[in-house]
Structure formats: structure tokens, C-alpha cells
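Analysis of the macromolecular model
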Amino acid sequence: MDVKIESSWREVLNEEFTKPYFTELVEFVKSEYTNHKVYPPGKQIFSAFDHCSFDSVKVVIIGQDPYHGPGQANGLCFSVAEGVRMPPSLVNIFKEIKDDIGSEIPPHGSLERWADQGVLLLNATLTVRAATAGSHQGKGWEQFTDAVIQKVSEAKENVVFLLWGAYAQRKGEIIDRTRHHVLESAHPSPFAAHRGFFGNKHFSRTNEYLKKQGLELIDW
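The rules behind these values
- Residues numbered from 1 in each chain as written.
- Predicted model: local features only at pLDDT ≥ 70, side-chain atom pairs only at ≥ 80, totals over all residues.
- Heavy atoms only, no water.
- Axes fitted to C-alpha atoms, helices over the stretch in contact; angles between N-to-C directions.
- Helix = DSSP H or I, 4+ residues; strand = E, 2+ residues; numbered from the N terminus.
- Parallel < 35°, antiparallel > 145°, perpendicular 65-115°, else oblique.
- Left-handed = near helix turned anticlockwise from the far one by under 90°.
- Contact = heavy atoms within 4.5 Å.
- Nonpolar A, V, L, I, M, F, W, Y, C, P; charged D, E, K, R; others polar.
- Core = buried A, V, L, I, M, F, W, Y, C linked by side-chain atoms within 4.5 Å.
- Buried < 20%, exposed > 50% of the residue type's maximum accessible area, 1.4 Å probe, protein only.
- pLDDT = per-residue confidence, 0-100.
- Phe/Tyr/Trp six-rings, centres within 6.5 Å; stacked < 30°, edge-to-face > 60°.
- Lys NZ or Arg CZ within 6 Å of the ring centre and 35° of its normal.

**Quick notes on the packing of helix 1 (residues 7–17) against helix 6 (residues 141–155)**
- Where helix 1 contacts helix 6, the axes come no closer than 11 Å and their chain directions differ by 130 degrees. On the basis of their axis angle, the class for helix 1 and helix 6 is oblique. The interaxial crossing formed by helix 1 with helix 6 has right-handed handedness. Facing helix 1, whose interface residues are Trp9, Val12, Leu13, Glu16 and Phe17, helix 6 presents Phe144, Ala147, Val148, Lys151 and Val152.
- A per-class count over the contact of helix 1 with helix 6 returns eight nonpolar, no polar and two charged.

**Some points on the nonpolar core**
- Within the largest apolar cluster, 68 residues are counted, with the highest numbers of intra-cluster contacts made by Trp9, Phe49, Ile61, Trp114, Leu120 and Phe144.
- Beyond its immediate stretch of four places on either side in the chain, Trp9 contacts Asn14, Phe49, Cys52, Ser53, Phe54, Val57, Leu120, Val148 and Val152.

**Quick notes on the confidence of the model for the chain**
- With 100% of its residues at a pLDDT of 70 or more, the chain has an overall mean of 97.
- Per-element confidence in the chain ranges from a low mean pLDDT of 97 for helix 1 to a high of 99 for strand 2 (residues 59–63).

**Quick notes on the packing of aromatic side chains**
- Here the structure, examined in full by the defined rule, presents 19 aromatic pairs.
- Aromatic pair Phe46 and Phe144: ring centres 6.1 Å apart, planes at 75 degrees, arrangement edge-to-face. Residue Phe46 is found in the loop between strand 1 (38–39) and helix 3 (47–50), and its partner Phe144 is found in helix 6; the two are separated by 98 residues along the sequence.
- Exposure remark for Phe46: the relative accessible area of 11% places this residue in the buried category.
- Pairwise contacts between aromatic rings join Trp9, Phe17, Tyr21, Phe22, Phe46, Phe49, Phe54, Trp141 and Phe144 into one cluster.
- Here Lys156 stacks its cationic end above the ring of Phe54, 5.3 Å away from the centre of that ring.

Next up, the structure:
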């Protein structure tokens, strides 16, 4: 199957694209885009991979669903396109960055610049029907993104995984923690951020670890 994804990921994930579940997933997604309003735009489904090649992955942040409001989702977890109002979770992420390392909150919520530095911004489910949270869960995306995490865990070393909230932490159980650095905390949503996301210092701690490994730091 010809999946339009960055070439290094196509090579790493080629086996997944031939499995029956993925064929069924593609048919489901095509039908959804044909018959409903679905986010993100079709060309941005694999943006997380297109902006961050397999070889360049240094950090993985795991989200759950794409945003389901108009113009929000752009294929990178927690990120929104320039000109789109920042969702509350993203506002809280930037608040923690400011408290942690002193960087001012940026004027827009696009995280493409993180992805371009080697941060894989991976949602568990890569598509969603407009205004219907969770509508594309259980259709195969989770199996695919589990395979992505597994490949990174097995084939790379010294990657930092940021697992925010119980969902991401469950999904991260397959990570080999003898090879990688895993940081966990509460989710940045307004419902949970005060239970441990604020003050987690994940951004400075990530860079401290990368520095110890002789890797280039992330400009958060």
C-alpha cells in the first residue's frame, strides 16, 4: 500500500502497511473523509512523521485524539495552526515552559518548530470526526501508533518519552526503559494540570538528559 508518509518512516513501518487491520483502517478513514467533516485535513494526517524523520527522533510526546474543532488539528499532538486560538492544554504547556526555563509564551500554538528539531508529536489516533471526540478510536489507529512506539523503543536509544496523563502512560508501557528516558506526570488539561503537570519541569529535565547523551538540546 502506498502510504504518503516521510520516507524513513515508510521504510520502518512498511510491514504495518501490509497488515489486514491497516487496510481496514484506510478504508474506514477514506469513507469518513468522503461522508463527513474530518480533522486534520487529509494531507496533514502524517504531519508528525513528515516533520520529524525516524532518524531525527530525540523526544516523543504522546497525545490521544486530534482536536475536533474547526481549523485546530494539524497532525501534531497538542499543536494548532498559526492564527488559531490556543486550546487550554496548550496554554498550560506554555505556562509550564515559562515557569521551568523562562521562555516567553509564543504568539501562536504551532509546534512544528519542535517537530523539526526531533520531537515526535504523536497522537494515539490520527483522525477524528468534527465535533465528535473519540469518534475514530478503536478503528486501528491505536495499533498503528503502538507499532510506531515499539519501533522507536527497539531501534533507537536514549529517546526521551514524555507521558502526560493516564492514557499516555498506559500507551507507554511498551517502552524499554533500560534504553530510554521516560518522564511521567499529570495531563496538562485544566482538569488535571494542578495535580502534577505544573512543576514537572519536563522541559529542562529533557534537555538535561539530552545534554548528558551529547545530543543537541530542544529549543522549547
